[in-house]
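Overview (structure and organization)
Below, each chain spelled out in residue letters.
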Amino acid sequence: QLLATPPRHAALGASVADAARFMPNAVGAYVGQVRSSSAAERTGLRLGDIIVQIGGRPVRSAAELEQVMAGLAPGARLAVEWLRGDERMRGEAVL
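Let me sum up the structure you'll find in this document. (Residues numbered from 1 in each chain as written. Predicted model: local features only at pLDDT ≥ 70, side-chain atom pairs only at ≥ 80, totals over all residues. Heavy atoms only, no water.)

Let us look at the pattern of salt bridges. Pairs can form between side chains of opposite charge whenever their charged atoms are close. In this structure the tally under the stated criterion is five salt bridges. Between R84 and D49 there is a salt bridge, with its nearest N and O atoms 2.8 Å apart. A residue pair is termed long-range when its members are at least 10 positions apart, and R84 in strand β5 (residues 77–84) and D49 in the loop between α1 (39–43) and β3 (50–54) qualify at 35 residues. Between R90 and E81 there is a salt bridge, and its shortest N-O distance comes to 3.3 Å. For R90, a relative accessible area of 58% gives the class exposed. A cluster of three or more residues bridged by salt bridges with shared partners is formed by E81, R88 and R90. (Salt bridge = Lys/Arg side-chain N within 4 Å of Asp/Glu carboxyl O. Helix = DSSP H or I, 4+ residues; strand = E, 2+ residues; numbered from the N terminus. Buried < 20%, exposed > 50% of the residue type's maximum accessible area, 1.4 Å probe, protein only.)

Time to look at the nonpolar core. Among the nonpolar cores identified, the biggest contains 23 residues, and L12, I51, I54, L65, M69 and L95 are the most heavily contacted of them. When contributions to this core are tallied by element, the ones reaching two or more residues are β1 (14–18), β2 (29–34), α1, β3, α2 (62–70), β5 and β6 (87–94). It is α2 that contributes the most residues to this core, four residues altogether. Among residues more than four places away in sequence, those in contact with L95 are A10, A11, L12, A39, M69, L72, P74, G75, A76 and L78. (Core = buried A, V, L, I, M, F, W, Y, C linked by side-chain atoms within 4.5 Å. Contact = heavy atoms within 4.5 Å.)

D49 gets classed as buried once you look at its relative accessible area, which sits at 1%. From its side chain, D49 meets the backbone nitrogen of R46 in a polar contact 2.7 Å long. Separated by 3.3 Å, the side chains of D49 and W82 make a polar contact. (Polar contact = N/O pair within 3.5 Å; in protein donor to acceptor, adjacent residues only side chain to side chain.)

Attention now goes to the environment of S37. Along the polypeptide, S37 turns up in the loop between β2 and α1. Between the alpha carbons of S37 and E81 there is a distance of 19 Å; along the sequence they are 44 residues apart.

Positive phi, close to 70°, is recorded for N25, a residue that is not glycine. Looking at where N25 falls in the secondary structure, it is placed in the loop between β1 and β2. At S37, a residue that is not glycine, the phi angle is positive and equals roughly 65°.

Okay, α2 next. Of all the positions in α2, only A62, E64, L65, V68 and M69 are classed as buried. Relative to the axis of α2, the buried residues are bounded by an arc of 165° and lie together on one face. Exposed residues on α2 whose side chains face more than 90 degrees from its buried face are Q67 and A70. Where α2 is buried, its residues touch β1, β2, β3 and β4 (57–58). (Arc of directions from axis to C-beta.)

Note that all results are geometric; they support no functional claim without further evidence.
Written out as structure tokens, the structure is:
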């Protein structure tokens with residue numbers, strides 16, 4: 001009998017890359033894809049958004065975002081801030 005193993009760390013449900021790869025001088029994690037029914041989608045993140053802060057910690061690159069996520073357990077709640085064009089947006093993610 002196989003037992004379902006719960007995930008060991010939280011997942012946002014978005015593919016990200018360094019924002020500077022897409023926009024000169026940009027800092028943060030560029031959202032390249034948002035999975036359906038994911039924490040990212042429920043939070044309001046969209047393709048092209050740039051995540052600049054998560055859980056009160058600045059995000060300067062995709063690696064920094066991934067490092068923060070690796071230390072979180074499923075079910076964690078945290079504030080997320082992102083840029084959409086010239087607008088700074090905020091939401092709460094439940095991972």
